[in-house]
Each structure stands twice: as C-alpha cells, then as structure tokens.
Amino acid sequence: MSTLSNLKNVSARDRQMIQQAEAMLGPEPSEMGFVKNLFWGRFRNDIIFPYPRESREERAKCDALLAKLETYLKHEHPSALIDQEEYIPEWAIERLFDLGVMGMTVPEQYGGLSLSVTSYNRVLEMIGRYCGSTAVVVSAHQSIGCKAIMLFGTEAQKRRFLPKVAREYLSAFCLSEPTVGSDAAGQQTRCQLSDDGQYYILNGEKKWATSGAMAGMFTVMAKQTITDPETGETREGITALICTPDMEGIDIFQNNRSKTGIRGTWQARLRFTDVKVPLENRLHKEGRGLNVALTCLNFGRCTLSAGVTGAAKYAMNQGIKWVQTRYQFGRPLADFELVQQKIARMAAYTYAMDALLYMMTGMLDRGDTDIMVETAICKVFCSRYGWQVIDDTMQMMGGEGYMTENEFERTWRDNRIHRIVEGSNEVMQSFIFAYGGKQLAEQMVTIQQALLWDADQPVERNLTRLLRHATNLPLMKRALPLVAELYLGILPAGPVLRGMHPALQDHADRLAKLVQKHAHYFKMVGKWEREKIVTRQVQQGRLADNAILLFALASALSKMDAQLRAGEHGVAFERDRAAFEHLFDLFEQDMLRNMGEMRHHTDAGMQRAAAAARRHNDTLPNGDYIIHEASPVAQGLGKPPLTESIKQFPGDRYLQAAPAESSSGDGATLGNGQSKVTAKKITKKAPAKK
Ligand SMILES: Cc1cc2nc3c(=O)[nH]c(=O)nc-3n(C[C@H](O)[C@H](O)[C@H](O)COP(=O)(O)OP(=O)(O)OC[C@H]3O[C@@H](n4cnc5c(N)ncnc54)[C@H](O)[C@@H]3O)c2cc1C
C-alpha cells in the first residue's frame, strides 16, 4: 500500500479508489515529467525549450498530404449532409483511406504513411476545421481503435491487422459499458483462459464503441482473474483482446443512436457471449489492459485536442469576420468593447491551444515517458478553451449563428462532446491534481506521519516516535524547509528561467514566480485540508487548473520564443504576439484568483446548497426524469427514453422499438434491419468531382 492509500481518516471506499487508481497507472516512470516538476516548484527548461519542431522532410511530407486533403475537404466532403443524415457515406470513408489518412500513423512496412504524432495531429486539426464527425471517426480509428496493435502488438498481430486498418477497414475501441463510464476500472465484461490455454472465453456487454458497427476489428478490455503461477494467489486485472466481428458470439445489437453533434459518427452496443478469442489475439500481458487503454488514450487526448483546435481556429476567424462586417448602431459590432474582449480572448486561447497541442505532440514524438498528466492537461485545456472560443463566436454572430444554413451551429454542436469523452474534464482535473502532485504529497505525508503530534496516540508513543525521527538526518533535511514554509511562510527559492529571447525575459520572470506560488499553494492546501483533501475536489480542481494554466503558459512562452528567434513578422505574427501577451495577463489573473480562493472560499455554502438541492430532488418523482439504465438505486424507474419521432438506426434491437426502415434520411432508409450494418449498406454515391 502506498503512503497515500494509508492515510488516516480516509474512508474505506476512498482508500479503495486510491489503490485502484495506483494499480491502474502502474509504477511511476523513472523520471518526473514537466508538470510533476511544477508541483515541486521546478521548471524543466530542457523539456520545454526549444519549441519542438518536426524535421524538414517530415513537414514536407505532411504538407503534401494536407494540400490534397484540404482540396478534398473543401470541395467534396459532404460535411453538412453527414450531419443532416447522421452518417458518413462509405465513399467518403474510402476517399480518406485512398488519401492515406486512415493509415497515416501506421508504419510504412505495414501499408501506412509512418507519419509522426505531430503530423497526425496537424491532419486532425485540418479535419476538425471542416467536419467534427470525420475528425472523431479518424481519431477513434487510429488513436484508440487500432493504436494498441501499433504500440503493444506482436509482429504477427501487426502483419495480420495493420495493413487492413491502414487501407481497408475501420477499427473500434471497446472500453465503456452500461455500468462503466468514467470509472474505467469497474469493467464487468470478463475473460477467462480456456482449460487447454488456447483461447480466452469472453462474456459481457460494451457500449458506445465509435464505428463499432462498421469495424473490421475491435480492441476490447475485459476483467480477468489472474493466478500467480508461483504462489497460486489470484488477483483481478484487465486484459486487452483483439476481436473481429466474424467471431461467433459477438452480437452488435445497436448500431447507433441519434445525438447532439458529431452526428455522422456511429456508436455501437455489442454483446459478447462465450466468444472464443485465440490466445494470439491478446495485447500486451494479462492484466495490463488498462495500461494499454490509458496509453492509447494519450494519443486520443491529443487528436481530440487537435480536432477542437481546428474548429476553434475556424470559429475565431468566422466570428471576427462577422463582427467586422455586421453593422449595428451605425458601426461594425467589432467597434464595441465587449465584443473586442471576446476577440482578444479568442486570439489568446487559440494561440495557447496551438502552443500546448504541438508541445505535447513534440513530447510524444520525442518519446518522453512521463506524459500522462500532460496529455490530460492538453485534453482539458483544448476542450475547455476551444469550447469557450466556439461559444463566443455563436454569441457574436447573434441569431444568424443559430441558423443551420450558416453552418456554424454544426461546429458548435460538434464540439461540445469533447469535455465529456476520453476522460471527462472533472475526472481529469482530479487526476491532474492527484497524479501531478503525488510524489510531493507522499513526501509531505511521510514527514507528517513521522514528526507531527498525533492526538489519537498516547503521549509516550508520540514522544518515542518524535525522538526516533529527530535523529534521522535525511528526513530532517527534507522536513525543516517544509516546516519553515508551512509555518513561517519562508518560501524556497523559485525557479530561474534564462536563455530565451531577451524580449521575453519579463514574461519568463512572471512565469517563474507563478511556478513558485503554485508549489507553495499545493503544500498550503495540504496543510489546511489535511486528509480531507482526498475528497475536496473543488480544492483539487483549483490546484489542477493552475497546473493546466502553467503548462499552457510555458508552452506559449516556448512557442513565442521560437517565433521571435525565427524573425517572424507581419500581421499574423503581430496578432500572435499581442495574443501571447494578453494570454499571460489573463492566466496570471486567473491563477492568482484561484490561489486566493484556495484560502478564502465559499465551499461550505456550496456544500450546504448542494445538499439541500439534493434533498429537494429526492421529493421529485423518478418517473418524470431520465435515470441511468444501470442505476443501482432506481434502475427502470425513470422516464423511458423517447423513440417515436427520434431517428432510429437499422439493426437496432436494443429498444425493440426501432423500425427496420425509417423515413428520415437515407442513412436509415438504406438499412435492412439486420443486426450488422456494414459501411456498404449505407453507401451513397460520390458527387461528381469539381
Ligand atoms: C459520442 C460518444 C462516443 C464515444 N466513443 C467511445 C468509444 O469509442 N469507446 C468507448 O469505450 N467509449 C466511448 N464513449 C464513452 C465515453 O468515453 C463516456 O461517455 C465517458 O467516459 C463518460 O462516461 P459516462 O458518459 O458514463 O459519464 P459518467 O461516468 O456517468 O459521468 C457523468 C459526469 O459526471 C461527472 N463525474 C463522473 N465521475 C466523476 C468524478 N469522479 N468526480 C467528479 N465528477 C465526476 C463528470 O462531469 C461526468 O461528465 C463515447 C461516448 C460518446 C457520447
């Protein structure tokens, strides 16, 4: 058990959650990454500077693909139709395969383009600008659907599957279940090795597998009871398996459901009944499945960010164009200061999104190992601030922004999902706090357990312990500065940032000060909250948000440094420079506000208001509201989901109300009511090339 899961006054349920998370994440990487160092008040210049950049050849290769892709997206890709009819026609998917987009990260020897992570994200950014649905399908295929084979596959698995996923068929990632959403470790799907050890027997149900109904392969996570061959002891672990739709016992009983945005993507529901999965289809070791899933999510969190960055940049340009040309009160809307505030915010946020995203992809290309906190930050940052930019554009365009034919409302709808999926932003905030600050928290707890008076213990036990530790020099060496900081307010020296372009020294000094304060506030919150910090998520969120803002500022500083060194100039650079400066002002203010609220907050009132609202809600009848299908307390008691007048998809046997043929949209009318819909059955003819 780690120091943290051993804390006193932590409930058994929370203790179990900490232990599960630790087991899921596996051992700590040998070297602490950039953000973990921030929690210690250290700034790893070597990780952040110089701003990462691909090789000339890599960039040229990607530029060539981007040029072809943009021509296609601009002139042929049916983005509006995809949204209206709620499917991506097969010809459009085929075109993406033909362009090489679907296999762009697959190594060349297996039929792909061998593009770097940075190039892959540049492509996703471009797709995200034009079509949110397509960006999600490409990302679900390559970042999570088949990524595990690239990362963990055996040579035989690679030879068997990679050429197909690069050129022929889509892949899907099956982690979520009816009972498993944010709590990924709670898998109910199970696999068990057959008596002859030749295959796994897989049973369970998966939900929301993007492109599952069209996929030629699935990466499936399943719980397994694993026996230690030496001790005979058993433990529960999660194992990752490759399945194919032709395996007996796989039933895709729901192909898709209608939804708010990214309506061209399809999410399948699958049931596995005694499916025999050959031993050679296992990915990585038994029990390492969650590690496989989380490693893939590092890539998915980047491509999600790339898609929303593309959409946000488009939104910014559209929004500014609108307010410069729309006149009210005898002048352009852009002349009003409240509108200018939004314009400036958009420029600052998109600059930071870009800087952070490509800092992240550069780290992945370099092979940095401790990057899980950073990819989580990238995801939270881009989905949160991207949404703010897109929503600001909606506001700036007024009523016209809301109209379908202006195509902006699609971008707005398509980009709301990113705060929910691939780890909801709230879960990511807790993760960034806990995993980012874990080592420092452990050190603090060790010191506290050794040197603080424990009121629950008798006096002589306390005295013996204190005297014993007082002679432990290494411990005292770590404890004294901490005590001086916590009780006398003497802060250790902050980091010194040198070596960047001289024009940026002032910003570098401001950033260094913020890093020093961030580390101080982490410790102070630990002192104020003690064990309660484990459940004080709002405090965790404030600390996580500051880590998020610091990583964004550091990335922006590095990017601006590279731009200045390259001698960039002109209106685009001037926009970037002003955006960068505004970003610093905004985020510095946000961080200081967060720190103030860590000490003086209204959380107690918030807790009372939430408790009172929950008590009132208990008086409302369940039957008037939607209740989760797997609720352990009110399953089946909620308002039934609406099926009439909502588009149903062919092959849906989940709600039992789905018509074999629907009158709304070709996607549905082409269905045949069978359990499996292949891309072929929803084909529409390609329009003539322009
Ligand atoms: C369009 C779409 C595509 C998807 N594609 C895939 C896919 O390809 N493969 C796959 O496996 N899954 C997929 N999913 C599932 C997706 O990953 C889950 O929706 C996501 O993990 C959230 O789970 P949930 O929806 O059950 O929300 P819940 O877990 O019920 O959470 C609901 C909300 O509660 C809050 N919350 C939850 N836990 C905490 C906590 N610990 N602390 C504070 N707040 C919390 C958050 O605000 C969260 O948004 C997809 C979902 C959608 C909608």
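Bear in mind that the values here come from a model prediction, so they are computed numbers and not experimental data.

Asks: Help me understand the overall build of the chain, please; the structure alone is not making it clear to me.
Replies: Looking only at helices and strands, the chain features 24 helices and ten strands. The dimensions of the chain, computed from C-alpha atoms along their principal axes, are 80 × 75 × 60 Å. Expressed as a percentage of the 690 residues in the chain, the buried residues total 43%. Long-range pairs, those at least 24 residues apart, make up 74% of the contacts in the chain with a sequence separation of at least 6.

Asks: What exactly am I supposed to notice about the nonpolar core here?
Replies: The nonpolar side chains of a soluble globular protein tend to be buried, and buried together. Judged by nonpolar contacts, the single largest core of 173 residues is most densely connected at Leu241, Ala352, Leu356, Ile377, Ile432 and Ala547. With 17 residues, the top contributor of residues to this core is helix 11 (residues 289-325). Each residue touching Leu241, except ones within four places of it in the same chain, is listed here: Cys191, Tyr200, Leu202, Val220, Ala222, Val277, Asn281, Arg282 and Leu283.

Asks: When you look at the site of the ligand in this model, what are you seeing that I'm missing?
Replies: Around the ligand there are 20 residues in total, and Leu175, Ser176, Gly181, Ser182 and Ser424 lie nearest to it. If you count residues domain by domain, the shell around the ligand takes at least three from each of domain 2 (172-289) and domain 3 (292-422).

Asks: What is the right way to read the packing of helix 4 (residues 56-75) against helix 7 (residues 117-130) from this model?
Replies: For any two helices packed against each other, the geometry is given by the interaxial angle and the distance between the axes. Running from N to C, helix 4 and helix 7 point in directions that differ by 15 degrees, and their axes come no closer than 10 Å. With respect to helix 7, the element helix 4 is oriented roughly parallel. The handedness of the crossing between helix 4 and helix 7 is right-handed. Contact residues: helix 4 offers Glu58, Cys62, Leu65, Leu66, Leu69, Glu70 and Leu73, while helix 7 offers Ser119, Arg122, Val123, Met126, Ile127 and Tyr130. Here the residues of the contact of helix 4 with helix 7 are counted per class, giving nine nonpolar, one polar and three charged.

Asks: Which parts of the structure should I look at to understand helix 23 (residues 603-617)?
Replies: Three or four residues apart is the spacing at which side chains of an α-helix point the same way, because the helix has 3.6 residues per turn. Between its first and last C-alpha, helix 23 extends 21 Å over 15 residues, near the 21 Å set by a 1.5 Å rise per residue. Counting buried positions over the 15 residues of helix 23 gives zero, only a small fraction of the element.

Asks: Looking at this structure, I do not really get the packing of helix 11 against helix 13 (residues 372-396). What am I missing?
Replies: Between helix 11 and helix 13, whose axes approach to 8 Å, the crossing angle comes to 20 degrees. The angle between helix 11 and helix 13 places the two elements in the roughly parallel class. Read as a crossing pair, helix 11 and helix 13 show a hand that is left-handed.

Asks: What's the story with the confidence of the model for the chain in this structure? I'm lost.
Replies: Interpreting fine coordinate detail is not advised for predicted regions of low pLDDT. Per-residue confidence for the chain averages 90 on the pLDDT scale, and 91% of its residues sit at or above 70. In the predicted structure, residues 656-690 sits below a pLDDT of 50 and forms 73 contacts with residues beyond four places in sequence or in another chain.

Asks: For this particular structure, what's the right way to read unusual backbone geometry?
Replies: Negative phi is the rule for most residues except glycine; trans is the rule for most peptide bonds. Residue Pro50 follows Phe49 across a cis peptide bond; omega there is -10 degrees. Following the sequence through the fold, Pro50 ends up in the loop between helix 3 (45-48) and helix 4. With a phi angle near 55 degrees, Ser114 is a residue other than glycine that sits in the positive phi range. Within the fold, Ser114 resides in the loop between helix 6 (90-99) and helix 7.

Asks: In this structure, what is going on with the domain arrangement of the chain? I would like to understand it.
Replies: When the parts come together, some accessible area is lost, and that loss is often what is quoted as the size of the interface. Taken domain by domain, the chain consists of domain 1 (56-170), domain 2 (172-289) and domain 3 (292-422). Using C-alpha coordinates to define each centre, domain 1 is positioned 21 Å away from domain 3. Contact with domain 1, which involves 24 residues of that partner, is made by 28 residues of domain 3. Those elements that provide at least two residues to the side of domain 1 that touches domain 3 are helix 5 (79-85), helix 7, helix 8 (132-145) and helix 9 (147-152). Taken together, the residues of the side of domain 1 that touches domain 3 break down into twelve nonpolar, eight polar and four charged.

Asks: I'm lost on the pairing of strand 4 (residues 215-227) in this one. Help?
Replies: Side-chain positions along a regular strand alternate between the two faces of the sheet. Within strand 4, ten of the 13 residues are buried, which leaves it mostly tucked inside the rest of the structure. In this sheet, strand 4 lies alongside strand 1 (residues 170-174) in parallel orientation, the contact comprising five bridges. Bridge pairing in strand 4 links Ala172 to Phe218. Bridge analysis of strand 4 against strand 5 (residues 234-243) gives ten bridges, and the strand direction is antiparallel. By the bridge assignment, Ala222 is partnered in strand 5 with Thr239.

Asks: Can you help me understand the environment of Ala80 in this one?
Replies: Along the chain, the position of Ala80 falls in helix 5. C-beta crowding within 10 Å serves as the criterion here: with 13 such atoms nearby, Ala80 is assigned to the partly exposed category. The spatial distance from the C-alpha of Ala80 to the C-alpha of Ile447 is 60 Å, given a sequence separation of 367 residues.

Asks: Which parts of the structure should I look at to understand helix 20 (residues 505-529)?
Replies: Taking 1.5 Å per residue, 25 residues should reach 36 Å; helix 20 reaches 36 Å between its end C-alpha atoms and fits that length. Those residues of helix 20 not exposed but buried are His507, Ala508, Leu511, Leu514, Val515, His518, Ala519, Tyr521, Phe522, Val525 and Gly526. Against helix 2 (34-39), helix 17 (438-451), helix 21 (537-565) and helix 22 (571-599) lie the buried residues of helix 20. Of the residues one or two after helix 20, Arg530 is the one with positive phi, at around 50 degrees.

Asks: Mind showing me how you'd approach the environment of Trp40 here?
Replies: Tracing the backbone shows Trp40 in the loop between helix 2 and helix 3. Residue classification places Trp40 among the partly exposed residues on the basis of 18 C-beta atoms within 10 Å. Separated by 401 residues in sequence, Trp40 and Ala441 have C-alpha atoms that sit 9.9 Å apart. Residue contacts for Trp40: discarding those within four places in its chain leaves Leu440 and Ala519.

Asks: Would you mind going over the environment of Arg614 with me for this structure?
Replies: By the secondary structure assignment, Arg614 is in helix 23. Given 9 C-beta atoms within a 10 Å radius, Arg614 is considered exposed. Residues Arg614 and Glu422 lie 192 residues apart in sequence; the distance between their C-alpha atoms is 28 Å.

Criteria and thresholds
Residues numbered from 1 in each chain as written. Predicted model: local features only at pLDDT ≥ 70, side-chain atom pairs only at ≥ 80, totals over all residues. Helix = DSSP H or I, 4+ residues; strand = E, 2+ residues; numbered from the N terminus. Buried ≥ 20, exposed ≤ 12 C-beta atoms within 10 Å, placed from the backbone. Contact = placed C-beta atoms within 7 Å. Core = buried A, V, L, I, M, F, W, Y, C linked by C-beta atoms within 7 Å. Near = placed C-beta within 6 Å. Domains from an automatic or database assignment. Axes fitted to C-alpha atoms, helices over the stretch in contact; angles between N-to-C directions. Parallel < 35°, antiparallel > 145°, perpendicular 65-115°, else oblique. Left-handed = near helix turned anticlockwise from the far one by under 90°. Nonpolar A, V, L, I, M, F, W, Y, C, P; charged D, E, K, R; others polar. Expected span 1.5 Å × (residues − 1). pLDDT = per-residue confidence, 0-100. Pairing = 2+ DSSP bridges.

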